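The chain contents come next:
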Amino acid sequence: MTETYTLHEDPRSGNCYKIRLTAALLGLPLETLQYDIMKGETRTPDFLANINRNGRIPVLQIGEGPGARFLPESNAACWYLASGSALIPADRFAQADMLRWMFFEQYNHEPNVATLRFWLHFVGEANLSIQQSGQIMAKRVAGCEALRLMDEHLSRGDWMAGDGVTLADIALFAYTHVAEEGGFGLEDYPYLCRWLDRVQALPGFVPMD
């Protein structure tokens with residue numbers, strides 16, 4: 001029996017978009033259930049009891065009914081969908097290198113680029129706490145450094161890992177292509193911009209909502 005997939009998401013989230021983009025590039029049907037994180041819809045007793053006790057999205061639901069399984073964490077969900085496909089390279093080193101960039105995305109890129117996008121584009125700088133406002137400059141510097149490292153890496157090849165598009169590209173594309181919403185100037189990174197164009201030209205590509 002073919003598995004069914006449902007994505008519990010906020011469509012404004014790059015982490016959720018990673019999963020939608022992975023499914024689209026693989027031609028996998030994906031239903032969506034949408035939540036507004038600004039209204040606390042992932043913190044309700046029902047969500048915490050039945051979807052994710054951590055109160056966060058995205059969550060990939062595999063199957064339906066009592067036998068459904070729920071997989072939080074965007075990169076884990078992308079890996080599940082892409083298992084056995086060309087989005088995960090067969091070569092051992094290329095696969096490890098792909099994972100390296102996916103870890104980089106979660107540790108160096110997302111906490112800075114995505115966080116500033118959320119704070120400045122959705123919350124609004126005037127509404128930030130004193131603690132958040134005090135972190136803006138440090139996150140700006142760290143985010144620029146992450147983008148610089150990507151640009152330097154892409155000056156030597158078309159893709160982040162291996163010889164073709166992989167989950168590393170999907171994971172990093174999600175928040176990079178909307179980085180300007182967090183105040184980052186992408187025109188400073190020419191190789192990165194060409195890579196963004198390559199990703200958007202892939203067969204099956206879907207834009208972020």
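Basis of the calculations
Residues numbered from 1 in each chain as written. Predicted model: local features only at pLDDT ≥ 70, side-chain atom pairs only at ≥ 80, totals over all residues. Heavy atoms only, no water. Bend = angle between axes of the 7 residues up to and from the residue. Helix = DSSP H or I, 4+ residues; strand = E, 2+ residues; numbered from the N terminus. Phe/Tyr/Trp six-rings, centres within 6.5 Å; stacked < 30°, edge-to-face > 60°. Buried < 20%, exposed > 50% of the residue type's maximum accessible area, 1.4 Å probe, protein only. Lys NZ or Arg CZ within 6 Å of the ring centre and 35° of its normal. 1 Å grid on protein atoms, 1.4 Å probe; cavity = no way out; pocket = protein on both sides within 12 Å on 5 of 7 lines; lining within 4 Å. Points joined across faces, edges and corners; volume = space filled by probe spheres on them. Nonpolar A, V, L, I, M, F, W, Y, C, P; charged D, E, K, R; others polar. Core = buried A, V, L, I, M, F, W, Y, C linked by side-chain atoms within 4.5 Å. Contact = heavy atoms within 4.5 Å.

In this section: helix H4 (residues 92-123). At His109, H4 is bent by approximately 60°, the largest bend along its length, and proline Pro111 sits one to four residues beyond. Phi turns positive one or two residues past the end of H4, at Gly124, with a value near 95°.

Looking along the chain, the bond that leaves Ile57 and enters Pro58 is cis, with omega of 10°. In this fold, Pro58 is placed in the loop between helix H2 (45-50) and strand S3 (59-62). The backbone of Glu73 sits at a positive phi, close to 75°, despite the residue not being glycine.

Here the focus is the packing of aromatic side chains. Enumeration over the complete set of coordinates arrives at seven aromatic pairs. Note on Tyr5 and Tyr80: the rings are 6.5 Å apart at their centroids and 80° apart in plane angle, and the pair reads as edge-to-face. A residue pair is termed long-range when its members are at least 10 positions apart, and Tyr5 in strand S1 (residues 5-9) and Tyr80 in helix H3 (residues 74-82) qualify at 75 residues. Here Tyr5 falls in the buried class, since its relative accessible area comes to 12%. The exposure class of Tyr80 is partly exposed, given its relative accessible area of 27%. When the ring of Phe173 is compared with that of Trp195, the centres are 6.3 Å apart and the planes differ by 70°; the resulting orientation is edge-to-face. Taken together, the positions of Phe173 in helix H6 (residues 167-176) and Trp195 in helix H7 (residues 190-200) put the pair 22 residues apart, joining distant regions of the chain. Ring-pair connections join several aromatic residues into one group, and the members of that group are Tyr17, Phe173, Trp195 and Phe205. The ring of Phe184 carries the charged tip of Arg140 above its face, separated from the ring centre by 4.9 Å. Arg194 extends its terminal NZ or CZ atom over the ring of Tyr191, reaching a point 5.1 Å from the ring centre.

Reported here for the largest pocket is a volume of approximately 580 Å³. In terms of lining, the largest pocket is formed by 20 residues, of which the most central are Ser13, Ile37, Arg56, Phe118 and Tyr175. Counting residues per element, the lining of the largest pocket draws most heavily on H4, which supplies seven residues. The class makeup of the residues in the lining of the largest pocket is eight nonpolar, six polar and six charged. Taken as a whole, the second largest pocket holds about 180 Å³ of empty space. Around the second largest pocket, the lining residues are Asn15, Asn52, Asn54, Arg56, Ile57, Pro58, Pro72, Glu73, Ser74, Gln106 and Glu110. When grouped by side-chain class, the residues that make up the lining of the second largest pocket number three nonpolar, five polar and three charged.

Once that is clear, we can look at the nonpolar core. Soluble globular proteins: nonpolar side chains tend toward being buried together. Formed by 52 residues in total, the largest nonpolar core has its most connected members in Leu147, Met150, Met160, Leu167, Leu192 and Trp195. Counting residues per element, the ones that place at least two in this core are S1, helix H1 (14-26), S3, H3, H4, helix H5 (130-154), H6 and H7. When neighbours within four sequence positions are excluded, Leu147 is seen to be in contact with His109, Val113, Thr176, Phe184, Leu186, Tyr189 and Leu192.

By themselves, these are just geometric observations and shouldn't be taken as functional.
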